[in-house]
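Tertiary structure, described
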Amino acid sequence: MPKILYLTEKPSQVKALKPIASGPEVSFINLQGHIMEAIDFADYDKKNNSLKSWTAGVLDDTIPFFPPVLKKRVKPKDTKSEYKTDYPANFARVKEALSACDQVILACDPDNEGVVLAMEVIEACNAEDKVIGMVNMSKLDKTSLVKELKTIDKIPYKAMNIAGNARGDFDFLYGINLTRTATVMLGGGKVLHVGGVKSPLIRMVVDRENQIKNFGKIPYWNVFAKVKDPKTGKEFKAKVFIDGVHEIMLSDGEMSVAKNLEDAMNKKKASLEMFKDQMKNISFKTSKYSKTAKQTAPPKPFSTADASVEAKKYIKLTGDKLEELLNSIYHKKISSYPRTSENYFSEGMYNDVPQTIKQLQDFFPELSKIALKQPYLKRECFNDKKLEGKAHTAISPTLENPRGVSLSDNESKMFWIVAMRYFIQFMDDYKYSQISIDGISSLDMKKIEIKASEKVEISRGFKELYDSGKRDSQVQTFPELSKGDPLDIVSIILEQKDKKPKPRFDTVSLAKGMEKISTIYDNPELKKHLGDKGIGTSSTRSATIKAIIREGYAEEIKGKIHATQRGIDYIDTIPDEISEPVKRANLEEYLNQILLGKISKEQFMNASKKDIFKLVASIKNISKEKGIKVSNGGSDPKKAQDYALKIAKNIGVTLDDEILEDRAKLSGWLDKNVKKAKFGLSDKQKSMIIKHCEDDEIKKLVDTTDPKELKKVKKALDDIFASWNKKKKSSTPDRSM
């Protein structure tokens, strides 16, 4: 019997698999996140100064640099973050497990990133040939996993690995080449980070900020009429259109002859008041009357962003915290994988509907009162074609019985939101009558129309459970009319308003904008072209939003995201092609084409390299045109930044991004503060002294930060090492002839 190893990403996945996949020759191991990372350019050729020095590399055209093969290495031990992950130890642990097994089954997160995370370790251990399949870990409940363990060959993990690596390779090469070039040519001594997703995201925030700041007062008037049917005496409100226009605005001609905006508004209002009086004296005839039966389907199942948008109505948390709730109920096995951009279920998921509905009705009293038709409706949301080449389905409840699960108040609310959106897919459409009345007349050679419409509820359908707006009328208030019937004008109503810019994003609406870029634009053709395209991935969008706030490109004020001056300056400095969201959205579609096998990774990377060359040239042209002085980019600033953060932590101060990103300011800060820091011995050094030093007085000083005392302790350490080296040398046999 072969020895099988299940390779997971998280401990919760091991916990879910063990009860159903265990056996005498079965073992489990979790990676605990990304173990591997891309090596730096300088590591490809340590003798080549142009790969180490940012300035030299950019000026002598070594940058952009494209290694023949991108190499990865095990991450160094993390001693800075709260988790303090020992990546080398993790790698050694996984390598040993891979060596001891005969077959490997991937059981990581069911997306490209999850596959890459697992496969890059497997490849580093030369164990690719041992992989025999992948378990779909979209749902962690026992019933779902039992089914998935029988079909480990249905997930195209090899294609997902290729597509995931294409994204990772592109983002690495794009970011490092353009960051170095932008910093040297445009930075003026500051680091200009360029990111494939981060830069367009900053652009989205800055564009919205500029729209709001540059939006002048634009007054307009809507004209309405109170209309009466002389036969029945029934009255209704209608929109008035003058030569096809309902929204009356100031013309350029009216503005040019007025003293100012207020004068133009007063004159316009006076002319509209005259129009009101004239309208009372004209007669209208019905030009159209229709009464049509219509119906509306429930909103589609949730993507990550859609779930957050809905949840924000009931749970007052930021987008990343709402996603944490989705993640929490996933790990509690009652909801499916929470990081998805999709609004569709696979057709096979329809087989689970009866059991899922039964459990939801047993758990939620509100749902138990609703009788669903049998067999259950199978809507378009169960659609394999819509999921072609996609790693995920929409979010859904699982087959885990929620009764035995401990949930916090917010987790309960989030589960209800997920359950309700799933449940309404099996309820009837909302049905209503759409009544429309159009009337026509003329005044001073102008065509005057009135238009009115009314919805009359026939049956509530899914709105019995979910109704996000004002309820429609339950009885018809409009009169029954025929074409040519007369209509009387009772009164004219003028409503003056000011056009308003789109509101600032919050973390939820910004994530939604990233998921479907078309939602941030007004151009119908552009919307059509973009369709459902987005930027970033469902697993990284919230993190990227947090990053641009943390790094000072944006700030959150009372729940709204504002662009900072740093963000505005950044977008003004870099080429538009780098920050254009539409361009990135189109690139994301190419990555999907790799997964579908329609283009190769090599084709994608070759095209991407050409694009990076063009962008490097564009950056240099901007530098030349604007006369920006080339800055001494030096080498990677990260080491200096990390050292400065270490000093800041030691002396108890906060180091802001403005200093970290400005080389001159950072250097000055270090010169001023480095002597204030008091560092003691590392834990390893303390252990050495306690175990091997014979001087008790020295042992008492292991926790000191006093420079004089520290000098004594370090001398004792040197003596210990010198003694060891002497013993080692004396024990080495003389092999000379």
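See the structure above.
Here is a short report on the structure shown in this document. (Residues numbered from 1 in each chain as written. Predicted model: local features only at pLDDT ≥ 70, side-chain atom pairs only at ≥ 80, totals over all residues. Heavy atoms only, no water.)

**Quick look at the pattern of salt bridges**
Here is the rule we go by: For this document, the term salt bridge refers to a Lys or Arg side-chain nitrogen within 4 Å of an Asp or Glu carboxyl oxygen. Burial status follows relative accessibility: with a 1.4 Å probe on protein chains alone, a residue under 20% of its type maximum counts as buried, one over 50% as exposed, and anything between as partly exposed.
Tallied over the full model, the rule gives 51 salt bridges. When the shortest N-O distance is used, the salt bridge between glutamate 9 and lysine 10 registers 3.7 Å. On the basis of relative accessibility, which here comes to 13%, the residue glutamate 9 falls in the buried class. For lysine 10, a relative accessible area of 17% gives the class buried. Measuring nitrogen to oxygen at the nearest pair gives 3.1 Å for the salt bridge that ties glutamate 457 to arginine 460. A single burial state applies to glutamate 457 and to arginine 460, both of which are buried. Linked through salt bridges whose partners overlap, the residues forming this network are Glu37, Asp43, Lys46 and Arg73.

**A short note on the packing of helix α4 (residues 87–100) against helix α5 (residues 112–124)**
So the rule is basically this: Every axis in this analysis is a line fitted to C-alpha atoms, fitted for helices over the stretch in contact. Angles between the N-to-C directions lie between 0 and 180 degrees. Where helices and strands are cited, they refer to DSSP runs of H or I of at least four residues and of E of at least two residues respectively, numbered from the N terminus. If an angle is under 35 degrees, it is roughly parallel; if it is over 145, roughly antiparallel; if it lies from 65 to 115, roughly perpendicular; otherwise it is oblique. Here, two residues are considered to be in contact whenever any of their heavy atoms come within 4.5 Å of each other. Residues are grouped as follows: Ala, Val, Leu, Ile, Met, Phe, Trp, Tyr, Cys and Pro are nonpolar; Asp, Glu, Lys and Arg are charged; every other residue, Gly included, is polar.
Running from amino to carboxyl end, α4 crosses α5 at an angle of 70°, the nearest separation of the two axes being 10 Å. As the angle between them shows, α4 and α5 are arranged roughly perpendicular. Contacts between α4 and α5 involve Phe91, Val94 and Leu98 from the former and Val121, Ile122 and Ala124 from the latter. Of the residues in the contact of α4 with α5, the class split is six nonpolar, no polar and no charged.

**Remarks on unusual backbone geometry**
Put simply, isoleucine 63 and proline 64 share a cis peptide bond, and its omega is 10°. Relative to the elements of secondary structure, proline 64 occurs in the loop between α3 (54–59) and β4 (72–74). Positive phi outside glycine occurs at lysine 333, with the angle close to 75°. Unusually for a residue other than glycine, lysine 558 sits at a positive phi of about 50°. Tracing the backbone shows lysine 558 in the loop between β14 (554–557) and β15 (560–563). Lysine 558 sits in the exposed class, given a relative accessible area of 86%.

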